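One letter stands for each residue in the lines below.
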Amino acid sequence: MADDASGSGASDCIPIQAGALKKGSHVVLKGFPCKIVDYSTSKTGKHGHAKANITGIDIFTQRKYEDISPTSHNMLQPLVNRNDFQLVDVDDEAYVTLMDSKNDTRSDLKLDLDGDDVHKKIKEEFDNGKDLVLTVLAAMKTEKIIAWKELQ
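Residues numbered from 1 in each chain as written. Predicted model: local features only at pLDDT ≥ 70, side-chain atom pairs only at ≥ 80, totals over all residues. Heavy atoms only, no water.

### Concerning the pattern of salt bridges
We apply this condition: We count a salt bridge whenever a side-chain nitrogen from Lys or Arg sits within 4 Å of a carboxyl oxygen from Asp or Glu. Secondary structure elements follow DSSP: runs of H or I no shorter than four residues count as helices, runs of E no shorter than two count as strands, and numbering proceeds from the N terminus. The cut-offs for exposure are 20% and 50% of the maximum accessible area for each residue type, with area from a 1.4 Å probe on protein chains only; residues under the lower value are buried, those over the upper are exposed, and the others partly exposed.
Across all of its chains, the model carries 10 salt bridges by this definition. When the shortest N-O distance is used, the salt bridge between Glu-143 and Arg-106 registers 2.4 Å. With Glu-143 in strand β11 (residues 142–150) and Arg-106 in strand β9 (residues 105–110), the pair connects residues that are 37 residues apart, well separated along the chain. The exposure class of Arg-106 is buried, given its relative accessible area of 19%. A network of salt bridges, in which partner residues are shared, links Lys-121, Glu-124, Glu-125 and Lys-130.

Laid out in structure tokens, this is it:
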């Protein structure tokens, strides 16, 4: 049986001790890949472990999540990749055709023209004839276009 048969995306993560996390690093909170924006620890109480209070922002939706974990316990750290692709085309259904540095193309990502201002701006700039490079963030079997810049 394959690691990712459960569909949880846990195979795209590595274990990390809660006490080893720090502000700015990535961690899975409530099942979502998050960037830590606040991290604090509390002292051991009468009955046990020091606790880590972790606040993170989902790297895809920007929603805030919080979790508390004993510092000695393992948590999951998502493997996050950023890749740049040249924008080749945007079709009628807002799917983008992207080309990587090896000249391979892909057309499996879609612009969210209703809910994402970055995506609206990409479409606008592309329609104006500009050559764009898009940054795609990937983690836990999810990919999203998060940024763009004009090709120089």
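On we go from here.
### Examining the sheet that holds strand β8 (residues 95–99)
Convention followed: The criterion for strand pairing is that DSSP finds at least two bridges linking the strands in question. Lines fitted to C-alpha atoms define the axes, with helix axes restricted to the stretch in contact, and inter-axis angles between N-to-C directions lie between 0 and 180 degrees.
With antiparallel pairing, 5 strands are arranged side by side in an open sheet as β9-β8-β7-β10-β11. Strands at the two margins of the open sheet, each flanked by one partner only, are β9 and β11. Between one strand axis and the next, the sheet turns through 45° on average, direction left out of account. Pairing of β8 with β9, which is carried by 4 bridges, proceeds in the antiparallel orientation. Looking at β9, one finds that Tyr-95 is bridged to Lys-110.

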